[in-house]
Amino acid sequence: MQAPTAEALMRSRYSAFVLDKLPYLLATWHPNTRPASLEPNPPDLKWLGLAIKQARNQDDEHATVEFVARSRQAGRAHRMHEVSRFVREGGRWYYVDGDLN
């Protein structure tokens, strides 16, 4: 099933990061910015949660999602705060890129 919104895609991509579903992450990444491959999570990395701060559509084909993802690795807490850009092509949303805050 395809994500109906950019926010839904962001949430599903977070779940894919947690579960190391690398093929899904690559498939939902826009071809213009998609890396050739991804590395799995290190064994000691534990994802702790996702908070969506804001989801905004610029128009029918462009959206941004601001989120904070928390994790712990080797006993240290980490926080990833990003404003992600998404584009819809052929009725399907793709992650394009993001700016880390």
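It should be emphasised that the depicted structure is a prediction, and the values quoted were computed from it without experimental measurement.

The rules behind the values
- Residues numbered from 1 in each chain as written.
- Predicted model: local features only at pLDDT ≥ 70, side-chain atom pairs only at ≥ 80, totals over all residues.
- Heavy atoms only, no water.
- UniProt positions renumbered as here; feature names shortened; annotations may be inferred.
- Helix = DSSP H or I, 4+ residues; strand = E, 2+ residues; numbered from the N terminus.
- Core = buried A, V, L, I, M, F, W, Y, C linked by side-chain atoms within 4.5 Å.
- Buried < 20%, exposed > 50% of the residue type's maximum accessible area, 1.4 Å probe, protein only.
- Pairing = 2+ DSSP bridges.
- Axes fitted to C-alpha atoms, helices over the stretch in contact; angles between N-to-C directions.
- Contact = heavy atoms within 4.5 Å.
- Phe/Tyr/Trp six-rings, centres within 6.5 Å; stacked < 30°, edge-to-face > 60°.
- Lys NZ or Arg CZ within 6 Å of the ring centre and 35° of its normal.

### Observations regarding the UniProt feature "domain: YchJ-like middle NTF2-like" (unreviewed entry) in the chain
Here comes step 1: Mapped onto this numbering, the UniProt entry annotates "domain: YchJ-like middle NTF2-like" (unreviewed entry) at residues 5-98.
Here comes step 2: Secondary structure over residues 5-98 splits into 21% helix and 49% strand, and the C-alpha atoms at its two ends are 17 Å apart.

### Comments concerning the nonpolar core
Here comes step 1: Residues Ala 6, Leu 9, Met 10, Val 65, Phe 86 and Trp 93 are the most contacted members of the largest nonpolar core, which totals 13 residues.
Here comes step 2: At the level of secondary structure, the elements contributing two or more residues to this core comprise α1 (6-19), β2 (62-73) and β4 (92-100).

### Side note on the sheet that holds β4
Here comes step 1: Reading across the sheet, the 4 strands line up as β1-β2-β3-β4 and stay open at both edges, with antiparallel pairing between neighbours. Strands with a single pairing partner mark the edges of an open sheet, and in this sheet they are β1 (45-57) and β4. The mean inter-strand angle of the sheet, taken between neighbouring strand axes irrespective of direction, is 30°.
Here comes step 2: Bridge count between β2 and strand β3 (residues 76-89): 12 bridges; the pairing is antiparallel. Across the sheet, residue Ala 63 finds its bridge partner in β3, namely Phe 86.
Here comes step 3: In the packing of α1 onto the sheet, the strands contacted are β1, β2, β3 and β4, and the crossing angle to β1 comes to about 170°.

### Side note on the packing of aromatic side chains
Here comes step 1: According to the stated counting rule, one finds 4 aromatic pairs in the structure shown.
Here comes step 2: Seen in terms of ring centroids, Phe 17 and Trp 47 are 6.4 Å apart; in terms of plane orientation they differ by 50°. Their pairing is tilted. In this pair, Phe 17 is assigned in helix α1 and Trp 47 in strand β1, connecting sequence segments 30 residues apart.
Here comes step 3: Summarising the aromatic geometry, the rings of Phe 86 and Tyr 95 are spaced 5.7 Å apart at their centres and angled 70° between planes, so their arrangement reads as edge-to-face.
Here comes step 4: Judged by relative accessible area, which is 10%, Tyr 95 ranks as buried.
Here comes step 5: Among the aromatic residues, ring-to-ring pairing joins Tyr 14, Phe 17 and Trp 47 into one connected group.
Here comes step 6: Over the ring of Trp 29 we find Arg 13; its NZ or CZ atom is 5.0 Å from the centre of that ring.

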